[in-house]
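Chains, contacts and geometry: an overview
This is what each chain is made of:
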Amino acid sequence: MDSSSFADAFDTTTDAALEWVSDNGGFVFDFFRALLEGLYDGVLWALQFAPFYVVAIVIAALGWRLVNVWFGLFTAVALVFCAAIGLWPETMSTLALVITATFLALLVAIPAGVLAGFVPALDRILEPVLDLIQTMPPYIYLLPAIALLGYGPATALVATVIVAMPPAFRLTSLGIRMTPREFVELGQASGMTGLQTFVKIRLPFAMPSIMAGINQSLMMAFGMVVIAGIVGSGGLGETIYAAIRTLDIAKSINAAIAIVVLTMVLDRLAQGAARVSYGGRT
């Protein structure tokens, strides 16, 4: 069998398998699509419930609390600018996607990372999988998700969760493994149970690494959400793709500015939360 025949046979088998899964597991994917879109709609409703200036003030106050007063002022002005250029709904839609996807990614990655930190064999098994996930072009994950979930926020969330999990998993596992052995032995000598040792010794030592993983997952989620605009996820990513299709340069620049604003705000807030979590306020 020559290479072209093998490729055709492999492609045919892959398509047939995907079609079989879609036909026989449609009710499962419909359930997960409804669940994901319901979660996303709930977060989006919370962000859009109040007027834009109230949301801007709340996020600015959070920026002042976690970073400093100047960053709080910058956040307020930047978010009001997003509303002034007519992209507030799209900005909140993007923020809702990022929050939802990051929450789901961390819900899986952090417990799995803790387990891998205690079980080195599991970490060795999962490392090649994580390497594969991080090596593949991010938009590749959109294709099977479209086939199984269709167009919309659910597809964007699944692809974003896949991309956002590896950093949190790796850094959580690393943080657990890097706990100084002498402190663990001291806790055991003091009569601590395994759970007490984890909560009072391992977790505090691992927290800087875990928070760094959360920050990296947040940034990965943000980048993927923008790419996922191509599948009708809404938000600023879809705005940019629509502007590209119509050659609306001004609107694409406006959306790019809003994306930069959100990225800067989320990144600095995550870094500020990391510093506060282990007593490193600036």
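Definitions and limits used
Residues numbered from 1 in each chain as written. Predicted model: local features only at pLDDT ≥ 70, side-chain atom pairs only at ≥ 80, totals over all residues. Heavy atoms only, no water. Helix = DSSP H or I, 4+ residues; strand = E, 2+ residues; numbered from the N terminus. Expected span 1.5 Å × (residues − 1). Buried < 20%, exposed > 50% of the residue type's maximum accessible area, 1.4 Å probe, protein only. Patch = residues over 30% accessible without salt bridge, like charges linked within 9 Å, V, L, I, M, F, W, Y side chains within 5 Å. Areas by Shrake-Rupley, 256 points an atom, 1.4 Å probe, with all protein chains shown as cover. Salt bridge = Lys/Arg side-chain N within 4 Å of Asp/Glu carboxyl O. Lys, Arg positive; Asp, Glu negative; His and termini not counted. Charge placed at Lys NZ, Arg CZ, Asp CG, Glu CD. Axes fitted to C-alpha atoms, helices over the stretch in contact; angles between N-to-C directions. Parallel < 35°, antiparallel > 145°, perpendicular 65-115°, else oblique. Contact = heavy atoms within 4.5 Å. Nonpolar A, V, L, I, M, F, W, Y, C, P; charged D, E, K, R; others polar. 1 Å grid on protein atoms, 1.4 Å probe; cavity = no way out; pocket = protein on both sides within 12 Å on 5 of 7 lines; lining within 4 Å. Points joined across faces, edges and corners; volume = space filled by probe spheres on them.

**Remarks on helix 2 (residues 26-49)**
In an α-helix, one turn spans 3.6 residues; hence positions three or four apart end up facing the same way. Across its 24 residues, helix 2 extends 33 Å between first and last C-alpha, which sits within 8% of the 34 Å expected from 1.5 Å per residue. Three or more residues of helix 2 are buried, namely G26, F29, L36, Y40, V43, L44 and L47.

**What about a negative patch on the surface?**
On the surface, a cluster of negative charge is made up of D8, D11, D15 and E19. Within the secondary structure, D11 sits in helix 1 (residues 3-24). Residue class for D11 comes out partly exposed when judged on its relative accessible area of 42%.

**Re the packing of helix 5 (residues 88-118) against helix 6 (residues 120-135)**
Here helix 5 crosses helix 6 at 120°, and the two axes come no closer than 5 Å. Taken together, the axis directions place helix 5 and helix 6 in an arrangement best described as oblique. Packed against helix 5, whose contacting residues are L115, A116 and F118, the element helix 6 presents P120, L122 and D123 at the interface. Per-class residue counts for the contact of helix 5 with helix 6 are five nonpolar, no polar and one charged.

**As for the layout of surface pockets**
Regions of empty space are outlined by a rolling probe, equal in size to a water molecule, passed over the atoms. Of the voids in this model, the largest pocket is the one considered here, and its volume is about 540 Å³. Looking at the largest pocket, it is lined by 24 residues, and the ones nearest its centre are L62, L95, I99, L266 and L269. Where the lining of the largest pocket is concerned, the elements lending two or more residues are helix 2, helix 3 (52-66), helix 5, helix 10 (194-227) and helix 12 (249-277).

**A short note on the pattern of salt bridges**
Applying the stated rule across the entire model yields four salt bridges. For the salt bridge of R177 with D123, the shortest nitrogen-to-oxygen distance reads 3.4 Å. With R177 in helix 8 (residues 153-177) and D123 in helix 6, the pair connects residues that are 54 residues apart, well separated along the chain. Residue classification places R177 among the partly exposed residues on the basis of a relative accessible area of 39%. Linking D131 and R170 is a salt bridge whose minimum nitrogen-to-oxygen distance equals 2.6 Å. With a gap of 39 residues between them, D131 in helix 6 and R170 in helix 8 connect regions that are remote in the sequence. The class of R170 is partly exposed, set by a relative accessible area of 21%. The structure contains a network of salt bridges with shared partners spanning E127, D131 and R170.

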